[in-house]
Every structure is written in C-alpha cells, then in structure tokens.
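Spelled out from the first residue to the last, the chains are:
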Amino acid sequence: VNDRFPRGRFAPSPTGLVHLGNASAALVAWLSVRSRRGTLVWRLEDLDGPRVVAGMADAAARDLAWLGLDWDEGPDRPGDYGPYLQSERSALYQAALARLVAARRIFPCRLSRKELREMASAPHGPTASADVYPASLRPTDLPDDWYEQHVASAGNAALRFRVDDAETHYVDRVYGSRSERVAESVGDFVLARRDGLFAYQLAVVVDDIAMRIDDVVRGADLLDSTARQIQLIEALGGERPAYAHVPLVRNAAGEKLSKRDATLTLVALRDAGVSAEQIVGYLAASLGLLDEPRRMTAAALLERFDWSRLRCEDRRVPGDAVRILRAIR
Ligand code: GLU
C-alpha cells in the first residue's frame, strides 16, 4: 500500500442527516488523506433507491463542509474517475458481474429469505443459521449459458458470490490484526438481489478499485464487511486498500446512532448554537487525539493526527450532549 499521496473517500448514503458518528468517520478519513497530501473522493452511495431521502446528498456535502472538511473529486468536482453517483455506475457493476461469472465465482439463487429461514429452523437442515449460506446449497450442474439465460429472463434470481473457504487475514489501522473465515460467518453472499438491485458489497468493491482508492476509513459497523470485500477485490484482480475503522458513536442508551437521535445531527447541533470547532474538538478528544475537548478546527487537528493515538473503543454521547458541547472552550 502506497503511504504517500493516498486516495481516500467519503462514501455517504443519502438516507439521513449526518450525525456525530458519520462526522467522526469522515473527520478521520479526511485527516488520514490530508496528513499525507493525498486526494479525497466523494462518492454518493445512492443505490438503495427506496431508502434514499431527497435532499440528503446536498445536506451531507453542506454539513461536512461546515465542519471544515473538503474533497477533490465528487459530483460537484469533476475528476477522472466519475461518475461519482453509484446510481450512474450500473455498467461497471454489470461488467464486474460478467467477469465473476467467467471466473465461475457466481451462481444464481432463487431461495427467498423466508425459505432460507425455514431451512435453518428445520432439524438437521442444510443451514445452521439463516444468516449463513452453506456451500451445500451451491448448484452443481449449471448450464454453460446460465448467465445469458438469467439476463434474458430479467433475473428472478439473486446472484451469490462463491466464497473462498480459506481464512481471510487483514490488518486494520485501529483494530489491529484480524481474521475471518467468511465461509463460516456468512457463506456465499449476495451481489445482486432478486429485484436486480446491486448489493452494497459489490458496488463498494467495484468503485474502490475503479476509483483507485487505497485508503478506506469508515465506521466500525463495516468491520464485518471487510473480509467479504477483500475476497471480492481479489476475485476481481484488484489490490487491497489500507483499512481503518473508526469506533462508533453511541447515544446515552448505548445504541448506535440512528434517525431517532435527531438532536445529534450536525444540523441540529449547529441550530442549537454548537460551533464546528466545538464538534471537532469533542470528537478529537473522544477518539484519543486530544487529552481534553477544546475548540479546534479540522485543519489545526492535522498536526496532531497520529494513528497510534486512536482508541478502538466505541464512544457514548451523554444525554446532555448539547450543553457539554456548547461549554467547550
Ligand atoms: N455508504 C456507507 C455508509 O454510509 C459507507 C460505505 C463504506 O464506507 O464502505 O455507511
């Protein structure tokens, strides 16, 4: 992995407003790239149409810019690796599927989630859990032209990736050395759904390869997608990026932030009188980059950025977060 001039990315899903958790992952992604004079790509992950909320893409750009972050390529900044909206990149995902078909790494699966669940609950059934797709369900006698037939019939089957049985090892900059046997944790996972939607795992990997991303920094909720993505990168002949997962921000009840935590979005905090410098300082302290929260710009934090200081424990925001943030000097 190239340690100078890395290419990193912000990959927001426009499904809700940016909250302290998204902001914290974006801040670290920005620090990682800017501290090494690299390039930041903004890629909008808008594939899951039904979950996309109008206006959220622009809101995310406005909120991260307000926080003091910037980027070099994206929907609003022409670059060499566009389009920067996943909804406009279908041809690339299609081409990757065809390549995996040729490599015999994909097969069609007509089982519904319900059927998989029923198999899992049957005694001595082929699946131990509805979340793990067992190798025993792989088709053994696919006709040579199954994919042409699948495309011609407009699908009606999901496409699954035939995972490698070996253990996948990787080193995360925050969480250290990790390994996972994907065949046991999830099994053959879906790359394209029955309704034709490309899966997140496929789109992320195809885009990271095509956009020459070699620095992936994102929330720790995606740690358990990493081994799957590495297998897919290797099957597509790509090179692994460096990975860093940023510990989650949890609410006072200890839950991962969600739509319910509306007071912890950047917009709500700004409206409540909290400044960008107070948020950056608070997040920096919670990550281990400052001993005490104090007002700080993202740019000023660059000097103190050091992976070895980053803690890998989830953070919890107290119930009176707004008061605490506003009191930061
Ligand atoms: N779009 C994903 C999210 O907003 C991030 C995907 C990634 O970083 O791999 O959580």
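Everything numeric here is computed off the predicted structure, so don't read it as measured data.

### What about the overall build of the protein chain?
Next, step 1: For the protein chain, the count of helices and strands is 12 helices and 11 strands.
Next, step 2: Relative to the compact-globule value of 20 Å for 329 residues, the protein chain shows a C-alpha radius of gyration of 21 Å, a close match.
Next, step 3: Principal axes of the C-alpha set define a box for the protein chain whose edges measure 70 × 45 × 40 Å.
Next, step 4: Looking at the protein chain residue by residue over its 329 residues, the buried ones come to 49%.

### A closer look at the pairing of strand β2 (residues 39-42)
Next, step 1: Summarising the sheet, strand β1 (residues 7-10) and β2 pair through four bridges and their orientation is parallel. Bridge pairing in β2 links Gly8 to Leu40.
Next, step 2: With respect to chirality, the unit in which β1 leads through helix α1 (residues 20-34) into the neighbouring parallel β2 is right-handed.

### Things to note about the pattern of salt bridges
Next, step 1: Applying the stated criterion across every chain, the model contains 23 salt bridges.
Next, step 2: One salt bridge in this structure joins Arg77 and Asp76, with 3.4 Å as the shortest N-O distance.
Next, step 3: Look at Arg77 and you get partly exposed, because its relative accessible area is 33%.
Next, step 4: Overall, Asp76 belongs to the partly exposed group, its relative accessible area being 44%.
Next, step 5: A salt bridge links Arg193 to Asp195, with the nearest nitrogen and oxygen atoms 2.7 Å apart.
Next, step 6: Among the residues examined, Asp195 registers a relative accessible area of 54% and is labelled exposed.
Next, step 7: Through salt bridges with shared partners, a single network forms among Arg9, Arg43, Glu45, Arg89, Asp207 and Asp208.

### So, unusual backbone geometry
Next, step 1: Each neighbour pair has its own omega, and for Gly82 with Pro83 the value is -5°, a cis peptide bond.
Next, step 2: Mapped onto the elements, Pro83 comes out in the loop between α2 (56-67) and α3 (90-102).
Next, step 3: The phi dihedral of Arg37 falls on the positive side, at around 55°, and the residue is not glycine.
Next, step 4: Here Arg37 is to be found in the loop between α1 and β2.
Next, step 5: Residue Arg104 is not a glycine yet carries a positive backbone phi of 55°.

### Quick word on the packing of α1 against helix α10 (residues 276-287)
Next, step 1: At a minimum axis separation of 10 Å, α1 and α10 run at an interaxial angle of 80°. Compared by their axis directions, α1 and α10 come out roughly perpendicular. Residue-level inspection shows Leu20, Ala23, Ser24, Leu27 and Val28 of α1 in contact with α10, the latter providing Ile279, Val280, Leu283 and Leu287.
Next, step 2: Partitioned by chemical class, the residues of the contact of α1 with α10 number eight nonpolar, one polar and no charged.

### A word on the sheet that holds strand β4 (residues 158-161)
Next, step 1: One open sheet holds the three strands; their spatial order is β3-β4-β7, and the pairing between them is antiparallel. Of all the strands in the sheet, just β3 (106-109) and β7 (189-192) have a single pairing partner and so form its edges. Across this sheet, the average inter-strand angle for adjacent strands is 45°, counted without regard to direction.
Next, step 2: Of the pairings in the sheet, the one linking β4 to β7 comprises three bridges and is antiparallel in character. Within the sheet, the bridge partner assigned to Leu159 lies in β7 and is Ala192.

### A look at α3
Next, step 1: For α3, built from 13 residues, the straight-helix expectation of 18 Å at 1.5 Å per residue is met to within 8% by its first-to-last C-alpha distance of 19 Å.
Next, step 2: The set of residues buried in α3 consists of Tyr93, Ala96, Leu97, Leu100 and Val101. Buried residues along α3 cover an arc of 140° about the axis, so they all sit on one side. Looking at α3, the residues exposed on the side facing more than 90 degrees away from the buried face are Ala91 and Ala102.
Next, step 3: Two residues or fewer past α3, Arg104 is found with a positive phi of approximately 55°.

### Let's talk about the site of the ligand
Next, step 1: As a matter of local geometry, the ligand sits amid Arg9, Ala11, Ser13, Glu45, Tyr200, Val204, Arg218 and Leu222.
Next, step 2: Within the side chain of Arg9, a nitrogen or oxygen atom sits 2.8 Å from an oxygen atom of the ligand.
Next, step 3: The contact in question runs from an oxygen atom of the ligand to an N or O atom on the side chain of Tyr200, over 2.8 Å.
Next, step 4: For the ligand, whose free accessible area comes to 300 Å², the fraction covered by protein is 77%.
Next, step 5: Across the shell around the ligand, the residue classes break down as four nonpolar, one polar and three charged.

### Structural notes on the environment of Gly281
Next, step 1: Of note, Gly281 is situated in helix α10.
Next, step 2: Judged by relative accessible area, Gly281 falls into the buried class, the value being 0%.
Next, step 3: For the pair formed by Gly281 and Thr297, sequence separation is 16 residues and the distance between their alpha carbons is 7.6 Å.
Next, step 4: Non-local contacts of Gly281, meaning those with residues more than four positions away in its chain, are made with Leu290, Pro293, Arg294 and Met296.

### What about the pairing of strand β6 (residues 176-180)?
Next, step 1: The pairing of strand β5 (residues 168-172) with β6 spans five bridges and is classified as antiparallel. From the neighbouring strand, Asp172 faces β6, where its bridge partner is Gly176.

Here is what the cut-offs are and how they apply
Residues numbered from 1 in each chain as written. Predicted model: local features only at pLDDT ≥ 70, side-chain atom pairs only at ≥ 80, totals over all residues. Heavy atoms only, no water. Helix = DSSP H or I, 4+ residues; strand = E, 2+ residues; numbered from the N terminus. Rg over C-alpha atoms; globule rule 2.2 N^0.38 Å. Buried < 20%, exposed > 50% of the residue type's maximum accessible area, 1.4 Å probe, protein only. Pairing = 2+ DSSP bridges. Right-handed = clockwise from strand over helix to strand, strands pointing away. Salt bridge = Lys/Arg side-chain N within 4 Å of Asp/Glu carboxyl O. Axes fitted to C-alpha atoms, helices over the stretch in contact; angles between N-to-C directions. Parallel < 35°, antiparallel > 145°, perpendicular 65-115°, else oblique. Contact = heavy atoms within 4.5 Å. Nonpolar A, V, L, I, M, F, W, Y, C, P; charged D, E, K, R; others polar. Expected span 1.5 Å × (residues − 1). Arc of directions from axis to C-beta. Near = heavy atom within 4 Å. Polar contact = N/O pair within 3.5 Å; in protein donor to acceptor, adjacent residues only side chain to side chain. Areas by Shrake-Rupley, 256 points an atom, 1.4 Å probe, with all protein chains shown as cover.

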